[in-house]
Amino acid sequence: MPAVVKGWRLLLTPTLSRHLGLALVAFILLLLLSSQIGAYDDYTLAAVAIFVIATAGLNLLTGVNGQLSLGHGALMAVGAYSTSLLLRGHDLPLILVLLLSLAGASLVGAVFGVAAARLRGPYLAGATLALAVGLPQIATRYSHVFGGEEGLTVPPPAAPSWLGADFPPERWMAWIAIAVALVTLVLLGNLLQSSVGRSFKAVRDHEAAAALAGINVARTQVVAFVVSSACAGLAGSLFAYWSGLTAPAGFGVALSLQLISAIVIGGLGSLSGAVWGSIVLVFVPNFTSGMASSLNLPSSVGNNLPLLIYGAVLVVAMLVVPYGIDGGLRRLLALARARWAGAATNHKGVVDWDDPAGS
Amino acid sequence: MNIQINHMTSAMSRIAIGCALALLAACGESGGTTNTASAPGITTSEIKIGSTQPLTGPAAPGYSEIAPAANAYFQYVNAHGGIFGRKITYEYLDDGYNPTTTSSVTRKLVLQDKVFAVFNALGTPTHLAVVDYLNSEKVPDLFVASGCNCWNDPSTHPYTFGWQPDYTIEGKILGQYIQQNLAGKKVGYFYQNDEFGLDGVKGLDQQISSVASRQNYVPTNTNVAPQIAALQASGAQVVVSFSIPAFTALALLTAAKLHYNPVWVVSNVGSDVPTLTGLLTKFSSGAAGGQLLTGMVTDAYLPLVTDASNPWITLFKKIHDQYIQSLPWDGNVLYGMGAAYAFVQAIKAAGRNPTRAGIVHTLETTKLTGGPGLAPYGYGSNNHLGYLGVQVATIGADGNATTVGPVYTSSDSGSINQYSGTPATPPSNGIPS
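Small disclaimer: the values here were computed from a predicted structure and weren't measured.

What counts and what doesn't
Residues numbered from 1 in each chain as written. Chains lettered and ligands numbered in written order. Predicted model: local features only at pLDDT ≥ 70, side-chain atom pairs only at ≥ 80, totals over all residues. Heavy atoms only, no water. Helix = DSSP H or I, 4+ residues; strand = E, 2+ residues; numbered from the N terminus. Contact = heavy atoms within 4.5 Å. Salt bridge = Lys/Arg side-chain N within 4 Å of Asp/Glu carboxyl O. Buried < 20%, exposed > 50% of the residue type's maximum accessible area, 1.4 Å probe, protein only. Pairing = 2+ DSSP bridges. Axes fitted to C-alpha atoms, helices over the stretch in contact; angles between N-to-C directions. Buried area = accessible area lost by both parts, 1.4 Å probe. Nonpolar A, V, L, I, M, F, W, Y, C, P; charged D, E, K, R; others polar. Domains from an automatic or database assignment. Polar contact = N/O pair within 3.5 Å; in protein donor to acceptor, adjacent residues only side chain to side chain. Phe/Tyr/Trp six-rings, centres within 6.5 Å; stacked < 30°, edge-to-face > 60°. Patch = residues over 30% accessible without salt bridge, like charges linked within 9 Å, V, L, I, M, F, W, Y side chains within 5 Å. Areas by Shrake-Rupley, 256 points an atom, 1.4 Å probe, with all protein chains shown as cover. Expected span 1.5 Å × (residues − 1).

Considering the side chain of D42 of chain A
Then comes step 1: Among the structural elements, D42 of chain A can be located in helix α3 (residues 39–64).
Then comes step 2: Those residues in contact with D42 of chain A that sit more than four places away from it in its chain are S34, I37, E170, R171 and A174 of chain A.

Following this line, the structure appears as structure tokens:
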């Protein structure tokens, strides 16, 4: 009986109920949106949701805990290859595959996290970069297991029959990805509000002070690495379902750098920053991909234009909103609040970065 | 009937007479003389096709010219009346030779841009990522820009057709050349470690009994020094290379650095002289160049780019000069135009109002003849192979290729036969009738 009471009380704590409520509203809105758009837009929406999972996890590690990882693409590869290998010749339920892939990436993350906790700054960046460069090569070295350069194909998740025969598989994929992304965001949101989340920030801001306050710095860093790897593994698993293929070229250094650039553009240290970053990560290349053939430019220019635009977006974003899109929006919000409140308060459009919502 | 005619305006009767004449003359099985939106990507005035190409990334050098070249030919056709009055719109997207990107941009072509067909999508590992998807969506997947024999599988992939000779056939004919002309020399292999290289090796192995060393590379790792050193250590005097241009250049430069000078026998896709010369100069910062290509053995299934007397070369060079002057005139441009010519042949043969299933049926039942190829196409109801053979060529000191011996044709397991057909000349307006 007391356990039940405690369970109810937990549900009523403001943090959890607020996050659950928000997630539920977002889920319903996104489902409605997904039903109104075309199959390719659903496919794109699924990509955004998948990258949200990966970047939210990376933002927890880099933005909240202060550990830079240039190797998250490789951790996604662990999740994706786990999924592909599990589905090779077996027809396992999606939820089981997701959980096992998550576990696989967490394990690799735990091993690597122990090493990472001893490294700082450029050494940590170098070590994680080695992970990004080295891990995908295993797939070509042991090509009889991992399928070499061509990789392994993954069957798309089958939509349940009650949705009808005409239900686009891309929409089902989007629904799955959105659901998993929202669950991940709720769990991470709660974690950040808990004592564990506070210790992440404490370690980031001042390791010695955190240690003096009784926080086990190394253990906190390993925990952050494991949680972050779990997110990467989950995203990798969904990525395998989404693209239908797991190949080493898909998980190169470029992916790891894209994830980092996404959280920097979106806003370091916040979950909404991860969402904004993922939107940029997916939509900018999507918008520019047809330019080579549709614009009448010399091919040496046209072929490289999408890359140029992506680079330009990065530079402009850093100049205009140095704290990322999320930071820019919060600053706007704070300025508006200051204007509204007038001179009566001393709000001057200053954002409290650890409690930016002002709650 | 009489009453109806009496009620017709003169314009209508003209249309009716025109219809009847056109039916007799050309319409054939397609029926109808007005354009209808007969399939996704086909409107009354447009045929929209798409492709995935390595415009950036490791396979971009050389290959990035193919799609603009094909597009130049389509623009030429559009400027001369199009196909039954329809203009071809060719939308090619960059996949960076990354199969994961191929997978997502192909979905963009099919789901968002709603192309009629995917045409000349480039690359073996890349296209393998989407061949199941395109067939499950029943999208014609025409003239894949890769010689993997995986495209010839009509029972599982009825919508997919190859175009260039498959690498196994090419390997067999190159292997035969080595047996006949370089007999007694030790042979080594250098190949891309995927279906592309492995298919080539399959063909070579049917002809060459003992191999001194087998070395492979993956396109994501540009260090080929260990492989070339191993070939040198094995004493191989002939090295057969199934490689993309960037890796042919890397292999040649690495060998030159090691003072290793075997006879290089390079698959057609990795042997374009202007592309290789550019890469050799760039990779060696000007220290080396085209001189490394002298004596290289390769093969061809289209007329040689340098053969100015060939009417196909005259035609395609003219289109090149008019539409894509900024690109070099090389084998990649010729390739793109040759494939585009085949597409125009196929879509015209499919009739005024083509459907997706219709163009597949046309390719399986109507022989495409009269194109630029040296060998015939293999298309039939049980065969989705393109060109069935090649002619061996050697590169001279001036960088020009010279063909050696006759054109040979073969199949993956059958014998090698000499082909005696005469080459076709292009139609006077340069557009297949």
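Now that the structure has been shown, the text picks up again.
A short note on the pattern of salt bridges
All names here are of chain A.
Then comes step 1: The final tally for this structure, using the stated rule, is seven salt bridges over all chains.
Then comes step 2: Across the pair E207 and R120 runs a salt bridge whose closest N-O atoms are separated by 2.9 Å. Residue E207 is located in helix α10 (residues 207–212), and its partner R120 is located in the loop between α5 (94–116) and α6 (121–141); the two are separated by 87 residues in the primary sequence.
Then comes step 3: The class of R120 is partly exposed, set by a relative accessible area of 35%.
Then comes step 4: The partner of R330 in a salt bridge is D326, and the shortest N-O contact between them spans 3.3 Å. Pair noted here: R330 and D326 are both in helix α17 (residues 324–341), with a separation of four residues, about one helical turn.
Then comes step 5: Assessed through its relative accessible area of 7%, D326 is described here as buried.

Notes on the sheet that holds strand β2 (residues 87–94) of chain B
All names here are of chain B.
Then comes step 1: Taking strand neighbours across the sheet as the criterion, the five strands line up as β2-β1-β3-β4-β5 in an open arrangement whose pairing is parallel. The open sheet has two edge strands with one neighbour each: β2 and β5 (160–162). With direction set aside, neighbouring strand axes in the sheet form an average angle of 25°.
Then comes step 2: Its contacts with the sheet place helix α14 (residues 331–349) against β1 (46–53), β2, β3 (117–119) and β4 (141–144), and it is angled at close to 145° to β4.

Some remarks on the interface of chain A and chain B
Then comes step 1: Facing the 26 residues of chain A at the interface are 29 residues of chain B.
Then comes step 2: Summed over both sides, the interface between chain A and chain B buries roughly 2400 Å², with carbon and sulfur atoms accounting for 56% of that surface.
Then comes step 3: Our count for the contact surface shared by chain A and chain B stands at zero salt bridges.
Then comes step 4: Looking at the side of chain A that touches chain B, the elements that each hand over two or more residues are α3, α6, α11 (217–243) and α14 (291–294) of chain A.
Then comes step 5: Considering each element in turn, the side of chain A that touches chain B owes the most residues, four residues, to α3 of chain A.
Then comes step 6: Grouping the amino acids of the side of chain A that touches chain B by side-chain chemistry returns 11 nonpolar, 11 polar and four charged.

Points about the domain arrangement of chain A
All names here are of chain A.
Then comes step 1: Considered domain by domain, chain A is made up of domain 1 (15–288) and domain 2 (326–359).
Then comes step 2: Across the boundary between the two partners, domain 1 contributes nine residues, which contact five residues of domain 2.
Then comes step 3: Roughly 440 Å² of surface becomes buried between domain 1 and domain 2 when both sides are summed, with 36% attributable to carbon and sulfur atoms.
Then comes step 4: For the pair domain 1 and domain 2, the number of links is three residue pairs in polar contact (both at pLDDT 80 or more).
Then comes step 5: At the level of elements, α9 (195–205) and α13 (271–288) are the ones that each hand at least two residues to the side of domain 1 that touches domain 2.
Then comes step 6: Residues belonging to the side of domain 1 that touches domain 2 are distributed by class as follows: one nonpolar, five polar and three charged.

A short note on the packing of aromatic side chains
Then comes step 1: For the structure shown, the criterion picks out 33 aromatic pairs over all chains.
Then comes step 2: With centroids separated by 5.4 Å and ring planes inclined at 40°, the aromatic side chains of F239 of chain A and W242 of chain A adopt a geometry described as tilted. On the criterion of helical spacing, the pair formed by F239 of chain A and W242 of chain A is a turn pair, its members being three residues apart in helix α11.
Then comes step 3: Residue class for W242 of chain A comes out buried when judged on its relative accessible area of 9%.
Then comes step 4: Between F143 of chain B and Y379 of chain B the ring centres are 5.9 Å apart and the planes differ by 35°, which places this aromatic pair in the tilted class. Placement of the pair is F143 of chain B in strand β4 and Y379 of chain B in the loop between α15 (356–365) and β11 (389–395), with a sequence separation of 236 residues.

Some thoughts on the environment of S45 of chain B
Residues and elements named next belong to chain B.
Then comes step 1: Following the sequence through the fold, S45 ends up in the loop between α2 (10–27) and β1.
Then comes step 2: A relative accessible area of 44% places S45 in the partly exposed class.
Then comes step 3: When the C-alpha atoms of S45 and A246 are compared, they prove to be 40 Å apart, with 201 residues separating the residues in sequence.
Then comes step 4: Those residues in contact with S45 that sit more than four places away from it in its chain are G85, R86 and K87.

As for a nonpolar patch on the surface
All names here are of chain A.
Then comes step 1: A contiguous nonpolar surface patch, about 530 Å² in accessible area, is contributed by W276, I279, F283, L329, L332 and L335.
Then comes step 2: Every element with two or more residues in the nonpolar patch is listed here: α13 and α17.
Then comes step 3: Structurally, the position occupied by L335 is in helix α17.

A word on the environment of A346 of chain B
All names here are of chain B.
Then comes step 1: Within the secondary structure layout, A346 lies in helix α14.
Then comes step 2: The sequence separation of A346 and T43 amounts to 303 residues, and the corresponding C-alpha distance is 18 Å.
Then comes step 3: Contacts of A346, omitting those with residues within four sequence positions, involve F143, I359, T362, L363 and L368.

Observations concerning helix α12 (residues 253–266) of chain A
Residues and elements named next belong to chain A.
Then comes step 1: With 14 residues, α12 ought to run about 20 Å at 1.5 Å a step, and its terminal C-alpha atoms sit 20 Å apart, in line with that.
Then comes step 2: What α12 keeps buried is the set L255, S256, L259, I260, S261, A262, I263, I265 and G266.
Then comes step 3: Residues of α12 that are buried make contact with α3, α4 (72–86), α6, α13, α16 (305–320) and α17.
Then comes step 4: Residue G267 follows α12 closely and has a positive phi angle near 135°.

Observations regarding the domain arrangement of chain B
Residue and element names in this part refer to chain B.
Then comes step 1: Per the domain assignment, the segments of chain B are domain 1 (46–165 + 309–387) and domain 2 (168–300).
Then comes step 2: Domain 1 and domain 2 are separated by 27 Å when their C-alpha centres are compared.
Then comes step 3: Opposite the 19 residues of domain 1 that make contact, domain 2 presents 18 residues.
Then comes step 4: Every element with two or more residues in the side of domain 1 that touches domain 2 is listed here: α3 (60–63), α6 (124–128) and α14.
Then comes step 5: Within the side of domain 1 that touches domain 2, the residues separate by chemical class into 12 nonpolar, six polar and one charged.

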